[in-house]
Amino acid sequence: MKQCWSEQPERRPTIDQIFDQFKSINKGRKTNIIDSMLRMLEQYSSNLEDLIRERTEELEIEKQKTDKLLTQMLPPSVAEALKMGTPVEPEYFEEVTLYFSDIVGFTTISAMSEPIEVVDLLNDLYTLFDAIIGAHDVYKVAPAVGRGRLRALGSHSRGMRSPRGP
């Protein structure tokens, strides 16, 4: 079909060549050109449906990644409100504990270690740390910046115990 639109007439197929191509498409069966075009349109439609299904699945996967990232950056209630397009009202909390952490001697440790060892150390340390605080309803206020961490206790859950006890 593209050849038929060529700017150079000598590159355009003759009617006999077009007829031969249709015969090869139809595998020797005698059909008219309309039937052939309808069959090609059905095939195109089927391919288009498959492509739409595939793209929809890809979009759903990306949406799940975005939702996961949003809930990692914000408290779940705020993330849900933002996803639904509702305004997020500021809240007042009677008690909030902020916890800052740092690794004492980190500069010395990292100077004496291979880069992968430093990455492994930080990954192991903060994976363990996050598992422990996950059991205590602690919100990560800010993502990790280098080796430091900031956490807030009691800032996103109304029914939470005080860090000092019940």
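Remember, predicted model here, so these are calculated numbers, not experimental data. (Residues numbered from 1 in each chain as written. Predicted model: local features only at pLDDT ≥ 70, side-chain atom pairs only at ≥ 80, totals over all residues. Heavy atoms only, no water.)

Draft legend 1. A nonpolar patch on the surface, seen in detail. Taken together, the side chains of Ile33, Ile34, Met37, Leu38 and Leu41 define a hydrophobic patch exposed on the protein surface, amounting to about 470 Å² of accessible area. One can find Leu41 in helix 2 (residues 33-73). (Patch = residues over 30% accessible without salt bridge, like charges linked within 9 Å, V, L, I, M, F, W, Y side chains within 5 Å. Areas by Shrake-Rupley, 256 points an atom, 1.4 Å probe, with all protein chains shown as cover. Salt bridge = Lys/Arg side-chain N within 4 Å of Asp/Glu carboxyl O. Helix = DSSP H or I, 4+ residues; strand = E, 2+ residues; numbered from the N terminus.)

Draft legend 2. Looking closely at the side chain of Ser6. Tracing the backbone through its elements, the reader meets Ser6 in the segment before helix 1 (15-25). In terms of polar contacts, Ser6 uses its side chain to reach the backbone amide nitrogen of Gln8, at 3.3 Å. What Ser6 contacts, discounting residues up to four positions off in sequence, is Arg11 and Arg12. (Polar contact = N/O pair within 3.5 Å; in protein donor to acceptor, adjacent residues only side chain to side chain. Contact = heavy atoms within 4.5 Å.)

Draft legend 3. Just the nonpolar core, in detail. If you look at the biggest cluster of nonpolar residues, it comprises 5 residues: Ile103, Phe106, Val118, Leu122 and Tyr126. When residues of this core are assigned to their parent elements, the largest contribution, 3 residues, is made by helix 5 (residues 115-134). (Core = buried A, V, L, I, M, F, W, Y, C linked by side-chain atoms within 4.5 Å. Buried < 20%, exposed > 50% of the residue type's maximum accessible area, 1.4 Å probe, protein only.)

Draft legend 4. Local environment of the packing of aromatic side chains. By the definition in use, this model includes 1 aromatic pair. Relative to Phe129, the ring of Tyr126 lies with its centre 6.2 Å away and its plane at 90°, an arrangement referred to as edge-to-face. Within this pair, Tyr126 and its partner Phe129 are both found in helix 5, separated by 3 residues, close to a single helical turn. In this structure Tyr126 comes out as buried when scored by relative accessible area, which is 6%. (Phe/Tyr/Trp six-rings, centres within 6.5 Å; stacked < 30°, edge-to-face > 60°.)

Draft legend 5. Just the confidence of the model for the protein chain, in detail. Taken over all residues, the pLDDT of the protein chain has a mean of 78, while the share at 70 or more is 80%. Model confidence for the protein chain, summarised as mean pLDDT per element, is weakest for strand 3 (residues 148-153) at 54 and strongest for helix 4 (residues 106-111) at 88. (pLDDT = per-residue confidence, 0-100.)

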